[in-house]
Amino acid sequence: MQQSRGESSANAKTEPSPASAENGVSRVFVLDKRGKPLMPCHPARARKLLAKDRARVHQQFPFTIRLIDRIREESDVQAVHVKIDPGANTTGMAVVRVEQNVKANHILHLSELTHRGYAVRKKMGQRANYRRRRRSNNLWYRKPRFDNRTRPKGWLPPSLRSRVDNVTSWVKKYQKICPVSGIVLERVRFDIQKLQNPEISGVEYQQGTLFGYEVREYLLERYGRKCVYCDGLSKDPVLEIEHFVPKNPAKGPNGTDRIKNLVIGCRTCNQAKNNYQPEQWAQVLGKSRKKIDKTRLCNVNRLFEGKRPSLAATAAVNATRNAIFFELRQLASVECSTGGRTKYNRCRFNIPKTHCLDAACTGKTNAISGWKQSVLLIKAMGRGSYQRTRVNAAGFPRGYLMRKKAVHGFVTGDIVKAEVSKGKKQGTYIGRVAVRKTGSFNIQTKIETVQGISWRYCQIISRQNGYNLAIQNSSPT
Ligand SMILES: [Zn+2]
């Protein structure tokens, strides 16, 4: 069964024109006899090794085989980097082989990790409310808690902590199955130091191309990706970099290219503003009775007073990114990059925007190949509930869970295969299992949820590890 799975996935991934630079194949991870990682191989090769009985299937997701007759030597491995683009909801990851002499990257594996930060936050809020009710209601006497706890250094709220832990745990997983020599991390959206003095380093900066991307990224982030004048009222999707004090005004002083003078405006507003000085435009707007012009006037006045929106909204994201950096630094050498550079690479190599391909575009590189391939979708699910009491909406006990999570060696979230040989449920089912104390389980297959399957028919495919995994095949285009 295991061999046939490898075969079918390899067939699905084989593209008609393998020679082209964009087409790639998601590689199979390989371990040596002693469990040390070797270079990932093509699925066709893995299939042959399995057929010749030279290898065993080590794990299903990400598909890994173990050679039974080979011990790793130093010359066996090349440089492999894990590239990461952390996001609030989804983090993109790419495992690439690095051609050191030409600084080119070939993509071996792509994955997208969906976090459960909002779910964590919601659950914590619920728990706090139940506890509050237990204290305030006339139940057994419980002393109020007071603020006698200090937070350790580097503390993050659980919702952010879960994002950081998700990323580090996956980097560790990749280190176990692949000879990772370095990590490339998109640490910040834009590089504020380089914005202030673009001369510091690099040809790309001096030529101004990369600098332009950094400026744009900074402004979009700063002004919340919407027009500063109309707050998006004009419904114009085109956003442009705008000189607040115009560069060639009809009268008054000339505006500069300095970051202080740049804002984000939609094309409609840009054209309406024309080459007016801000004060002049405010006068024009003051005469109009349109709703949009009232908003514009209000915003122009605020900008004129030097009031700009704060970057508080992005602070949470930055806190996570920094925490991720400090934790990954303990695992391998980390190269930091910016969102501006990611976008610059993406435009240069003409690569579409997805989370995992953004990760592949992170960092300094001269070429990226093999980006058209299947993606491993990882969803953080948690490991079930710690509380053994289920409560209703008002926080009253509704029922109790088992003391132990395992039933006959199975845990909710395991991927199992059940071959039912007789009765109404006859057939083969593969999917996520939900255990019941009675030993009669539910299996969630790709199509349906099958109820009442006895544990005796079930066979473990992979153990629950807090993540749901699936493979998304590359689009046929
Ligand atoms: Zn506008």
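Quick notes on the rules
- Residues numbered from 1 in each chain as written.
- Predicted model: local features only at pLDDT ≥ 70, side-chain atom pairs only at ≥ 80, totals over all residues.
- Heavy atoms only, no water.
- Helix = DSSP H or I, 4+ residues; strand = E, 2+ residues; numbered from the N terminus.
- Buried < 20%, exposed > 50% of the residue type's maximum accessible area, 1.4 Å probe, protein only.
- Contact = heavy atoms within 4.5 Å.
- Areas by Shrake-Rupley, 256 points an atom, 1.4 Å probe, with all protein chains shown as cover.
- Donors = N, O, S within 2.8 Å, 3.2 Å for Na, K, Ca; no water.
- Pairing = 2+ DSSP bridges.
- Axes fitted to C-alpha atoms, helices over the stretch in contact; angles between N-to-C directions.
- Polar contact = N/O pair within 3.5 Å; in protein donor to acceptor, adjacent residues only side chain to side chain.
- Phe/Tyr/Trp six-rings, centres within 6.5 Å; stacked < 30°, edge-to-face > 60°.
- Lys NZ or Arg CZ within 6 Å of the ring centre and 35° of its normal.
- Core = buried A, V, L, I, M, F, W, Y, C linked by side-chain atoms within 4.5 Å.
- Arc of directions from axis to C-beta.

If you look the protein up in an unreviewed UniProt entry, it shows as HNH endonuclease from Desulfobacter latus.

Novice: Describe in detail the overall build of the protein, supporting the description with residues and values.
Specialist: The number of helices and strands found in the protein is 13 helices and 21 strands. Relative to its full complement of 477 residues, the protein shows a buried share of 41%. A separation of at least 24 residues holds for 64% of the contacts in the protein among residues at least 6 apart in sequence. Put simply, the protein shows about 27300 Å² of open surface, and 50% of that area lies on carbon and sulfur atoms.

Novice: Which residues make up the coordination of the zinc ion, and what values go with them?
Specialist: Only Cys227 (SG), Cys230 (SG), Cys266 (SG) and Cys269 (SG) from the protein reach the zinc ion as donors, at distances of 2.2 Å. Between consecutive donors of the zinc ion, the numbers of intervening residues give the motif C-x2-C-x35-C-x2-C. One end of the pair, Cys230, is in the loop between α7 (209–222) and β9 (239–243); the other, Cys266, is in strand β10 (residues 262–266), with 36 residues separating them in the sequence. Here Cys230 matches Cys266 in class, with each residue buried.

Novice: Any details on the environment of Ser162? Residues and values, ideally.
Specialist: Relative to the helices and strands, Ser162 resides in helix α4 (residues 158–177). Measuring from C-alpha to C-alpha, the distance between Ser162 and Ala380 comes to 9.2 Å, with 218 residues separating the pair along the chain.

Novice: Mind laying out the sheet that holds strand β1 (residues 28–31), listing which residues take part and the relevant values?
Specialist: Taken together, the four strands give an open sheet; going across it, the order is β2-β1-β4-β3, and neighbouring strands pair in mixed fashion. In this open sheet, the two strands that pair with only one neighbour each are β2 (37–41) and β3 (55–59). Each neighbouring strand pair of the sheet contributes to a mean axis angle of 30°, computed without reference to strand direction. Relative to strand β4 (residues 64–67), β1 runs parallel, the two sharing three bridges. Bridge pairing in β4 links Phe29 to Thr64. Strands in contact with α4 are β1, β2, β3 and β4; relative to β1, the strand with the most contacts, it is inclined by about 60°.

Novice: Tell me what's going on with the side chain of Ser337, and back it up with residues and numbers.
Specialist: Relative to the elements of secondary structure, Ser337 occurs in strand β11 (residues 334–338). One polar contact links the side chain of Ser337 to the main-chain amide nitrogen of Gly363, over a distance of 3.3 Å. Setting aside its immediate chain neighbours within four residues, Ser337 contacts Leu185, Glu186, Arg187, Val188, Thr362 and Gly363.

Novice: Mind laying out the packing of aromatic side chains, listing which residues take part and the relevant values?
Specialist: Inspection of the entire model under this criterion finds six aromatic pairs. Considering the side-chain rings of Trp170 and Tyr174, the 5.8 Å spacing of their centres and the 55° angle between planes classify their relative orientation as tilted. Taken as a pair, Trp170 and Tyr174 lie in helix α4 at a separation of four residues, close to a single helical turn. We note that Trp170, like Tyr174, is buried. Ring geometry for Phe410 versus Phe441: centroids 5.6 Å apart, planes at 70°, classification edge-to-face. Note that Phe410 is positioned in the loop between β15 (397–400) and β16 (415–420) and Phe441 in strand β18 (residues 440–444), a separation of 31 residues in sequence. One exposure class covers both Phe410 and Phe441, and it is buried. Ring pairs connect the aromatic residues Phe29, Trp170, Tyr174 and Tyr467, which therefore count as one cluster. Positioned above the aromatic ring of Trp155, the side-chain terminus of Arg151 is 3.9 Å from the ring centre. Directly above the ring of Tyr118 sits Arg163, whose terminal nitrogen or CZ lies 5.3 Å from the centroid.

Novice: Describe the nonpolar core, naming the residues involved and giving the relevant values.
Specialist: Ile84, Trp170, Tyr174, Leu328 and Ile378 are the most contacted members of the largest nonpolar core, which totals 32 residues. Elements with a contribution of two residues or more to this core: β1, β5 (80–85), β6 (90–99), β7 (104–114), α4, β8 (180–188), α11 (312–328) and β13 (375–380). Counting residues in hydrophobic clusters, the runner-up holds 22 residues, among them Tyr218, Cys230, Val263 and Trp281.

Novice: Which residues make up helix α2 (residues 43–51), and what values go with them?
Specialist: Among the residues making up α2, those that are buried are Pro43, Ala46, Leu49 and Leu50. Projected down its long axis, α2 shows its buried positions confined to an angular sector of 115°, all on one face. More than 90 degrees from the buried face of α2, the exposed residues found are Lys48 and Ala51. Directly after α2, the chain includes Asp53, whose backbone phi takes a positive value near 65°.

Novice: Go over the sheet that holds β18, please, and point to the residues and values.
Specialist: Taking strand neighbours across the sheet as the criterion, the five strands line up as β19-β18-β17-β16-β20 in an open arrangement whose pairing is antiparallel. The outermost strands of the open sheet, each flanked by one partner alone, are β19 (449–454) and β20 (458–462). The average angle at which neighbouring strand axes cross in this sheet is 45°, direction not considered. Of the strand pairs in this sheet, β18 and β19 are connected by four bridges, and their pairing is antiparallel. Along β19, the bridge assignment pairs Gln444 with Thr449.

Novice: Please set out the pairing of β7 residue by residue, giving values where relevant.
Specialist: Most of β7 is tucked away, with ten of its eleven residues classed as buried. Both β6 and β7 contribute to a ladder of ten bridges, which runs antiparallel. Counterpart to Met93 in the pairing with β7 is Ser111. Connecting β6 to the next strand, β7, in antiparallel fashion are four residues, including Lys103 with a positive phi near 55°. Relative to strand β12 (residues 367–369), β7 runs parallel, the two sharing three bridges. Within β12, the position partnered with His106 by the bridge is Ser369. Both β7 and β13 contribute to a ladder of five bridges, which runs parallel. Looking at the pairing, Leu113 lines up with Ile378 of β13.

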